[in-house]
Amino acid sequence: MIIGIASRPDDKRTLEYAKDLAVFIEGRGHEIILEESTAEKTGLSEGKPVEDIHADMIIVIGGDGTVLRTVRQMKTQIPILGINMGHVGFLSEIEPEEAKEVFEKIEKGKYTIEKRMRLALKVDGEYIGEALNEAVIVTSRPTKIIELTININYIPAERFRADGVLISTPTGSTGYAMSAGGPIVDPWIESFLIVPIAAYYLSSRPHVVSSRRRISVELDSSKPADLVIDGIYVTELYNGNVLSVEMSKEPALFVNAGRNFFAKVDTKLKRL
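Quick look at the structure, then. On a predicted model such as this, the values are computed, not experimentally measured, just so you know.

Brief notes about the sheet that holds strand β16 (residues 232-237)
For step 1, the next point in the chain: What the six strands build is an open sheet, ordered β13-β12-β11-β8-β15-β16; its pairing is antiparallel. Edge positions in the open sheet fall to β13 (207-210) and β16, since each of these has one partner strand only. Going from strand to strand, the sheet's axes swing by 20 degrees on average, the running direction of each strand aside.

Structure below.
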């Protein structure tokens, strides 16, 4: 197999682990392609940007941020096996001490590939990117609330005042959406999760909406707001700007080595 490895580049312990794992996998007769910053920091070989890696899978070592960054950088989605070197790591399939044993199972074909829906995003009709976890519209002025209108299938469904709103995938339901009071959603379900952030009215509640519907969020406020995709600032929004959300045609791909999603979430939540 051809195995890509991408590591969090600013943590010594994570880089040492990545180096050890790369040597282990290469020693078993597989070809290794290191992401360029991982290669530079480990000194193993010359690396490549993620978008230029063509492999059977990419092992991502770090926290959820490292996984999100890797998914975002891919031109074509490649299956990801996440190894958690972060605090909780909801997007990581396994813990560091399990990796070698799990990889031996993968060699024998004992794994499946899971598709995770992503969001395709436009502002005023202009494509701005895709999100695996969520798109967040949030006030850019602390303590100043904004007004938003949620349209579903082009019909106004709710208008509310809040610090902001997030549109999440089921994968993102264990991230910011959960912290904002949203439910945990089975990642096998293709749906949008709409969660107001610190809404002024108690009647403004989270919604789970079919991915077959068209969602848009209109900023109807004199105060500006920030648009953030998967934790990365994108742009500032102004009165009348509309964020349109659809299901991406290209899902993210994750290696499932036999871990039950709900058992994994239960274990990780106990760390918080």
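Next comes the rest of the description.
Notes on the pattern of salt bridges
For step 1, the next point in the chain: Tallying each qualifying case throughout the model produces 10 salt bridges.
For step 2, the next point in the chain: The salt bridge partner of R8 is D10, with a shortest N-O separation of 2.6 Å.
For step 3, the next point in the chain: Judged by relative accessible area, R8 falls into the partly exposed class, the value being 34%.
For step 4, the next point in the chain: For D10, a relative accessible area of 57% translates into the label exposed.
For step 5, the next point in the chain: We note a salt bridge from R159 to D220, for which the minimum N-O separation is 2.2 Å. Here the residue R159 occupies a position in strand β10 (residues 155-162), and D220 occupies one in the loop between β14 (215-219) and β15 (225-229), the gap between them amounting to 61 residues.
For step 6, the next point in the chain: With relative accessibility at 48%, the residue R159 sits in the partly exposed group.
For step 7, the next point in the chain: Salt bridges here are not isolated pairs; linked through shared partners, they connect E147, R159, R161 and D220.

A word on the pairing of strand β12 (residues 191-197)
For step 1, the next point in the chain: Of all seven residues making up β12, seven are buried, and the element is well covered by its neighbours.
For step 2, the next point in the chain: Residues S191, L193, V195 and I197 point to one face of β12 and F192, I194 and P196 to the other, with burial holding for every one of them.
For step 3, the next point in the chain: Sheet analysis places strand β11 (residues 164-168) next to β12, joined by five bridges and oriented antiparallel. Bridge pairing links G164 to I197 in β12.
For step 4, the next point in the chain: Note: β12 against β13, four bridges, orientation antiparallel.

Side note on the side chain of N241
For step 1, the next point in the chain: Inspection of the secondary structure assignment puts N241 in the loop between β16 and β17 (242-247).
For step 2, the next point in the chain: Leave out the neighbours within four places in its chain, and N241 touches D124, V217, E218, L219 and E236.

Re the sheet that holds β10
For step 1, the next point in the chain: Strand order in the open sheet made by the six strands is β7-β6-β17-β14-β9-β10, with antiparallel pairing throughout. Two strands bound the open sheet, and with one partner strand each, they are β7 (126-131) and β10. On average, each strand axis in the sheet is tilted by 20 degrees relative to the strand beside it, whichever way the strands run.
For step 2, the next point in the chain: Bridge count for strand β9 (residues 146-152) against β10 is seven bridges, and the pairing is antiparallel. Pairing of E147 across the sheet is with R161, part of β10.

Procedures and definitions
Residues numbered from 1 in each chain as written. Predicted model: local features only at pLDDT ≥ 70, side-chain atom pairs only at ≥ 80, totals over all residues. Heavy atoms only, no water. Pairing = 2+ DSSP bridges. Helix = DSSP H or I, 4+ residues; strand = E, 2+ residues; numbered from the N terminus. Axes fitted to C-alpha atoms, helices over the stretch in contact; angles between N-to-C directions. Salt bridge = Lys/Arg side-chain N within 4 Å of Asp/Glu carboxyl O. Buried < 20%, exposed > 50% of the residue type's maximum accessible area, 1.4 Å probe, protein only. Contact = heavy atoms within 4.5 Å.

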